[in-house]
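# Understanding the architecture of this molecule
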Amino acid sequence: MSTTDVDQQVEIWKMKRLIKGLSMARGLLVKEYGTASNIKSHVNRLSVLSAITSAQQCLKHYPRTPKNGLVVFCGTILTDEGKEKKVSIHFEPFKPINTTLYMCDNKFHVDALQELLENDSSFGFIIIDGNGCLFGRVTGNTREIITQFTVDLPKKHGRGGQSAARFGRIRMEKRQHYVRKVTEHAVSSFISSSTNMVTETGIVVAGSAEFKHELQKSDLLDPRIRAKIIDTIDVSYGGVNGFDQAITLSQAALSNVKLVQESKLIGKFFDELALDTGKYAYGVQSTLKALDMRVIETLIVWENLDVNRVVLHRPDGTEVERFLTPTEEADRSNYLDSETGVELEFQERMPLLEWLAEVYKEKGAQLELVTDCSTLGSQFVKGFGGIGALLRYKMDMAQLDENEDNDMYYDLDEEVEEDNEDEDGYFF
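Quick caveat: nothing in here was measured; it's all calculated off a predicted structure.

## Let's talk about the side chain of E272
Along the polypeptide, E272 turns up in helix α9 (residues 257-275). Buried and unpaired, E272 has no salt bridge, with K279 as the nearest side chain of opposite charge at 5.1 Å. Excluding residues within four positions of it along the chain, E272 makes contact with T277, K279, Y280 and L390.

Put into structure tokens, the structure is as follows:
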């Protein structure tokens, strides 16, 4: 994936997490809602007025409406501990939002944000047979016919006598001319004239005859188009009916495009591991150490990684951070100083993946979020803890782990001192 695509995937993940939190939040306005002046309950009225005031303060950060619109959530919610908590969230979505909505309720309404997360990847279709060719596009749940044309090709026959060879040459020339015309239309349909790149995520070639195979084998087909072909399908019809049938038969291929990309990435990680190149890291501690040293090229993390970054205070005021699973968090020994045995003071907790999404650019890495839906993805999650990395060059991570005084945490103050000593980063 390109850097832009990766950044967008991270933004989508952030919004998914935000929507999940907002949809689960429940406020104090249980009995009634509406404008503040119409709320009879004193408690509800004060809550609404407080939320409106918070929203007004948020708007002061924006002298004009952002390009993609503005999303503001304000209110008082109930935490898991049953306590009241005021929240104020405002941001510009990663792509334009075309909904104008003001709502006062006992929950946050996130339907408009959910619509932004719908898959808008575009897939091209080439439906080709002996009668003509159709070029179409499918985006989400809509389809579009870009262009189509018919062709009248001579049939193969055994008549002609001494002219049979000439008829055969004419037939082959017309077939070749037809294939050339199809390749030209493919370029005009699927390659942007401004960026000179393919506009589709993938292209499906379908047909009821051998033309679909001839097209892919032809040297006339643009290499950029050929590289985007994700499936070849046999259909019973041509034209619009063939287009509809191809869409139905290619659902699995279209849904697995992201999984294919994930499998290639994780497969590359496993290849580095099998060849023992040293250009890899896995596990929370080794991966985060490599990230801190800025040697990670691609950071691979399971999108449901259940590890938290916990920051603790020592009695002398210094800070340490530990990366714990929910089971480890329940163990009080993980909150003790390994040297003195003194209990450390809790400061903050944040999901590790959320923290990585905030700092990966600062560390010079590219963040790739993967699932466990594929065989390789499941193996990566179960065998390597759902976190690993491809390094820029060979590193002996085992030796680095041995040099760590305690691989359960990092001393944040020592890390700051090291950064101050070398502001330009690490050099090897």
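## Structural notes on the pairing of strand β13 (residues 366-370)
The buried fraction of β13 is high, at four of five residues. Pairing between strand β9 (residues 296-302) and β13: five bridges, direction parallel. Looking across to β13, one finds that W302 is bridged to V370.

## Observations regarding helix α2 (residues 42-59)
Here α2 spans 26 Å end to end across 18 residues, near enough to the 26 Å set by a 1.5 Å rise per residue. Inspection of α2 places N44, S47, V48, A51 and C58 among the buried residues, and these make up the whole buried set. The buried residues of α2 occupy an angular sector of 95° when projected down its axis, which confines them to one face. Residues of α2 that are buried sit in contact with β1 (71-78) and β2 (84-91).

## Let's talk about the packing of aromatic side chains
On inspection of all chains with the given rule, the structure shows 13 aromatic pairs. An angle of 45° between the planes, with centres 6.3 Å apart, marks the rings of F323 and W355 as tilted. Note that F323 is positioned in strand β11 (residues 319-324) and W355 in helix α12 (residues 352-359), a separation of 32 residues in sequence. Judged by its relative accessible area of 15%, W355 falls in the buried class. Sitting over the face of the ring of Y335, R332 holds its NZ or CZ atom 4.3 Å from the ring centroid.

## Section: the nonpolar core
Counting 29 residues, the largest nonpolar core has L288, I296, V301, L352, L356, L367 and L391 as its most contacted members. At the level of secondary structure, the elements contributing two or more residues to this core comprise α1 (3-24), α10 (284-292), β9, α12, β13 and β14 (387-391). Sorting elements by how many residues they give to this core places α12 first, with six residues. In this structure L352 touches V284, L288, L305, V307, N308, R309, F323 and I387, once residues within four positions along its chain are discounted. In terms of nonpolar packing, the next biggest core, distinct from the first, is built from 20 residues, L153, Y178, F211 and L215 among them.

## Structural notes on the sheet that holds β9
Pairing is mixed in the open sheet, where four strands are placed in the order β8-β14-β9-β13. Two strands in the sheet have a free side with no partner beyond their single neighbour: β8 (280-282) and β13. Neighbour to neighbour, the strand axes of the sheet diverge by 20° on average, direction disregarded. Of the strands in this sheet, β9, β13 and β14 are in contact with α12, which crosses β9 at around 150°. Across the sheet, helix α13 (residues 375-384) is in contact with β8, β9, β13 and β14; its angle to β14 comes to roughly 105°.

## Side note on the environment of V301
Structurally, V301 is set in strand β9. Here V301 falls in the buried class, since its relative accessible area comes to 0%. With 84 residues separating them in the primary sequence, V301 and G385 have C-alpha atoms 9.1 Å apart. Once residues within four sequence positions are removed from consideration, V301 is found in contact with L353, L356, L367, E368, L369, V370, G386 and I387.

## A look at the pattern of salt bridges
In the structure shown here, the tally under the stated rule is 11 salt bridges. In this structure, E144 and R137 form a salt bridge, with 3.2 Å as the shortest nitrogen-oxygen distance. With relative accessibility at 40%, the residue E144 sits in the partly exposed group. Judged by its relative accessible area of 17%, R137 is buried. When the shortest N-O distance is used, the salt bridge between R332 and E343 registers 3.2 Å. Note that R332 is positioned in the loop between α11 (326-329) and β12 (345-351) and E343 in the loop between α11 and β12, a separation of 11 residues in sequence. A relative accessible area of 47% places R332 in the partly exposed class. Shared partners join several salt bridges into a network, and the residues in it are R137, E144 and E200.

Definitions and limits used
- Residues numbered from 1 in each chain as written.
- Predicted model: local features only at pLDDT ≥ 70, side-chain atom pairs only at ≥ 80, totals over all residues.
- Heavy atoms only, no water.
- Helix = DSSP H or I, 4+ residues; strand = E, 2+ residues; numbered from the N terminus.
- Buried < 20%, exposed > 50% of the residue type's maximum accessible area, 1.4 Å probe, protein only.
- Lys, Arg positive; Asp, Glu negative; His and termini not counted.
- Salt bridge = Lys/Arg side-chain N within 4 Å of Asp/Glu carboxyl O.
- Contact = heavy atoms within 4.5 Å.
- Pairing = 2+ DSSP bridges.
- Expected span 1.5 Å × (residues − 1).
- Arc of directions from axis to C-beta.
- Phe/Tyr/Trp six-rings, centres within 6.5 Å; stacked < 30°, edge-to-face > 60°.
- Lys NZ or Arg CZ within 6 Å of the ring centre and 35° of its normal.
- Core = buried A, V, L, I, M, F, W, Y, C linked by side-chain atoms within 4.5 Å.
- Axes fitted to C-alpha atoms, helices over the stretch in contact; angles between N-to-C directions.

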